[in-house]
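The chain contents come next:
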Amino acid sequence: MKVNLFMIFLLCAVSAFAGVSSQWRGPERTGIYTEKNLLQQWPAEGPQLLWTAEGLGTGHSSAAVTDNIVYISTMIDGQGLIFAFDINGKQLWKKNYAKEWNESHPGTHSTPTIYDGR
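These numbers come from a predicted model, not from an experiment.

Among the secondary structure elements, Thr111 is positioned in the segment after β4 (91-99). Thr111 gets classed as partly exposed once you look at its relative accessible area, which sits at 34%. Each C-alpha atom, one on Thr111 and one on Ile82, is 9.8 Å from the other, the two residues being 29 residues apart in sequence. With near-sequence residues (within four places) excluded, Thr111 lies in contact with Ser61, Ser62, Ala63 and Ala64. A polar contact is formed between the side chain of Thr111 and the backbone nitrogen of Ser62, at a distance of 3.1 Å.

Dropping the structure here:
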């Protein structure tokens, strides 16, 4: 009986996280998003630019986006950094994590991973 209860708990926990669109590749990790009322075609002038950031250094990774924070890994002066921005583009913090590879293809190559708010 204990095993069955554990399995039910495990299935409930997994399904609770399955709907989080900010996880890797979306709610079911398939790259398919279920949002409704999306544009079928972009306007001729393109989508509205919400914000930009400058001075982020060199990198070849993607941003990691949660419901309220955008994380970006980069390299500045040979040092690897993680930047965090709010959804309006305000820099919340930056953290130096280590010296980065600076030979062939210099810059960061890994998208930040966010788990449990960290």
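To continue, consider the nonpolar core. In terms of nonpolar packing, the biggest core is built from 6 residues, these being Leu56, Val70, Ile72, Leu81, Phe83 and Phe85. Those elements giving two or more residues to this core turn out to be β2 (69-76) and β3 (79-86). Of all the elements, β3 adds the most residues to this core, at 3 residues. Ignoring anything within four residues of it in the chain, the contact list for Phe83 reads Gly55, Leu56, Val70, Tyr71, Ile72, Thr74, Ile76, Gln91, Trp93 and Lys94. Core analysis: the second largest hydrophobic core is formed by 5 residues, Ala64, Tyr71, Ile82 and Ala84 among them.

Below, the discussion takes up the side chain of Glu100. Position of Glu100 relative to the elements: it lies in the segment after β4. Summary of buried charges: Glu100 has no salt-bridge partner, and the nearest side chain of opposite charge, Lys99, is 11 Å away. Polar contacts involving the side chain of Glu100 include one to the side chain of Tyr97, which spans 2.4 Å.

Taken in spatial order, the 4 strands of this open sheet run β1-β2-β3-β4, and their pairing is antiparallel. Each edge of the sheet is formed by a strand with only one pairing partner; in this case those strands are β1 (64-65) and β4. Judged from the 2 bridges that link them, β1 and β2 form a sheet pairing that is antiparallel. Of the residues in β2, the one forming a bridge with Val65 is Val70.

Conventions we followed
- Residues numbered from 1 in each chain as written.
- Predicted model: local features only at pLDDT ≥ 70, side-chain atom pairs only at ≥ 80, totals over all residues.
- Heavy atoms only, no water.
- Helix = DSSP H or I, 4+ residues; strand = E, 2+ residues; numbered from the N terminus.
- Buried < 20%, exposed > 50% of the residue type's maximum accessible area, 1.4 Å probe, protein only.
- Contact = heavy atoms within 4.5 Å.
- Polar contact = N/O pair within 3.5 Å; in protein donor to acceptor, adjacent residues only side chain to side chain.
- Core = buried A, V, L, I, M, F, W, Y, C linked by side-chain atoms within 4.5 Å.
- Lys, Arg positive; Asp, Glu negative; His and termini not counted.
- Salt bridge = Lys/Arg side-chain N within 4 Å of Asp/Glu carboxyl O.
- Pairing = 2+ DSSP bridges.

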